[in-house]
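In case you want the letters, here they are:
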Amino acid sequence: MNYSDAERIITVFNNAGLSQTDQERDADYIITIACSVRQTAIDRIFGKIKDWNKLKGQKKVSLILTGCVLEKDRQKLSKIFDLVFNIQDTAKLQEYLGEKKDSEKTPFFSLTPKYQSKFRAYVPISFGCNNFCSYCAVPYTRGPEKSRSEKEVIEEVKKLIDSRYKEITLLGQNVNSYGNDLGKKDSFTRLISKIDKIPGNYRVYFYSNHPKDISNNLINVLPKLKHFPPYLHLPLQSGSDKIISAMNRHYTQTQYLNLVKKIKKKVPNITLTTDIIVGFPGETDEDFRETKKLMELIGFSMAFIAQYSPRPQTISAKVSDNVPKTEKEKRFQMLTKVLAKNLEKENARLVNKKMEVLIDEVKKENLYGRTGSYKVVEIPDNQQANFLGQFVEIEITGSNAWKLSGKIL
Ligand code: SF4
């Protein structure tokens, strides 16, 4: 989401006659788009301040801050940054950059993003969240959910496909509730069905889903889509009913399992990925075992496992962070092992299979690409053929838990 926001912020700078530089020492403006999901991201900003202040002693440079910043951090950071603004209030940034007031009329989502890739793009479909999961800062930093109009989203996607973009990711904190604020039910299923009809050679993904909001309509439509690989990111967070409830997630272990069953029945080749938090306040050994059990049972194709850290202002930060760091680390390692074990088997089954990958990186003697199920494939290619941003047919020749290797056919 922040990456996507940055692409619109760059447009504001470009409109003011400014261009990007990779070197901080060359910059007249340094803008930080903050993330408050984990404390470490905020700590990194504090860590950079010393360097930036040193730079300020050598030349004129403005420090600008936006993105997800909780009020407590904002108070501290306002003393250090020259401008702090809410990401959607780009008029404030325009004004700061000396632009005329009439340019204020461009709403954030109507800004044409300066896409940083020629083949992969992120398209926000909504902003903010109504869910208040007890550990999460997003509802406080981004406010209630606001959906972009279907027309605007489809126009942006269409433009990208016309410009030969190959991979498009629709973004929302909870894509399944897209359009609820516009008074329309099941708008997300309608949106993706319409996008799928756009002619072209492309793949579309979407993030993130909330298990409580996945509709039967969506599950029924998934296998019919041509351009959406059978891939679903379904954050579990915890397998223990007690912890899921303390997280304010509104489902139970049984409901989650039934949902997975229903999805697998309709889309047998589905790739399921997830997010897990270990060491949530009050998570006992037994609670953790429930999470581990579910991970083993479901066999996720990827899991983003985080060790809990409290974010001030959120509900869970009010209770004691009582799982010791060493225990969090231990649980993290145990789940990583479960994941690796499953992936080793899953990836080995792909050897000798032919598939299409999108080449997204060229490094040293190798090409790297992504399968439809978003697995990384390493392809030795001494000739360095110019396949970047193209779909190529490959055969899988080897595998381990984290990577596949292949050859171009
Ligand atoms: S669904 Fe929960 S975790 Fe996701 S952004 Fe909303 S409050 Fe945060």
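Heads up: these notes are all about the structure in this document. Since this is a predicted model, take the numbers as computed values, not measurements.

Criteria and thresholds
- Residues numbered from 1 in each chain as written.
- Predicted model: local features only at pLDDT ≥ 70, side-chain atom pairs only at ≥ 80, totals over all residues.
- Heavy atoms only, no water.
- Helix = DSSP H or I, 4+ residues; strand = E, 2+ residues; numbered from the N terminus.
- Rg over C-alpha atoms; globule rule 2.2 N^0.38 Å.
- Buried < 20%, exposed > 50% of the residue type's maximum accessible area, 1.4 Å probe, protein only.
- Contact = heavy atoms within 4.5 Å.
- Areas by Shrake-Rupley, 256 points an atom, 1.4 Å probe, with all protein chains shown as cover.
- Core = buried A, V, L, I, M, F, W, Y, C linked by side-chain atoms within 4.5 Å.
- Domains from an automatic or database assignment.
- Polar contact = N/O pair within 3.5 Å; in protein donor to acceptor, adjacent residues only side chain to side chain.
- Pairing = 2+ DSSP bridges.

**Focus: the overall build of the chain**
Thinking step 1. Across its full length, the chain carries twelve helices and 16 strands.
Thinking step 2. Compactness check: the chain gives a C-alpha radius of gyration of 22 Å against a globular reference of 22 Å for 409 residues, within 12% of the reference.
Thinking step 3. Each principal axis of the C-alpha distribution contributes one length, and for the chain these read about 55 × 55 × 45 Å.
Thinking step 4. Classification of the 409 residues of the chain by burial places 52% in the buried group.
Thinking step 5. A separation of at least 24 residues holds for 72% of the contacts in the chain among residues at least 6 apart in sequence.
Thinking step 6. As displayed, the chain has an accessible area near 20000 Å², and 50% of this comes from carbon and sulfur atoms.

**Thoughts on the nonpolar core**
If you look at soluble globular proteins, the nonpolar side chains tend to sit buried side by side.
Thinking step 1. Counting residues in each nonpolar core, the largest one holds 56 residues, and the members touching the most others are Val157, Leu170, Phe188, Ile195, Phe206 and Tyr256.
Thinking step 2. Here this core spans two domains, and each of domain 2 (117-229) and domain 3 (261-348) adds at least three residues to it.
Thinking step 3. With near-sequence residues (within four places) excluded, Phe206 lies in contact with Leu170, Val175, Phe188, Ile192, Leu222, Phe228 and Leu232.

**What about the environment of Arg249?**
Thinking step 1. Considering the arrangement of structural elements, one finds Arg249 in the loop between helix H9 (241-246) and helix H10 (253-266).
Thinking step 2. Taking relative accessible area as the criterion, Arg249 reaches 5% and is therefore assigned buried.
Thinking step 3. Taking the C-alpha atoms as reference points, Arg249 and Arg311, separated by 62 residues in sequence, lie 17 Å from one another.
Thinking step 4. Within the structure, the side chain of Arg249 is placed 3.3 Å from the backbone oxygen of Pro235, a separation counted as a polar contact.
Thinking step 5. A polar atom in the side chain of Arg249 sits 3.1 Å from the side chain of Tyr251.

**Section: the pairing of strand S2 (residues 62-67)**
Thinking step 1. The buried count for S2 comes to six of six residues, which makes it a mostly enclosed element.
Thinking step 2. The two faces of S2 match: Ser62, Ile64 and Thr66 on one face and Leu63, Leu65 and Gly67 on the other face are all buried.
Thinking step 3. For S2 and strand S3 (residues 83-84), the ladder comprises two bridges, and the chain directions are parallel. By the bridge assignment for S3, Leu65 is matched with Val84.

Geometric values such as these leave the question of function open.
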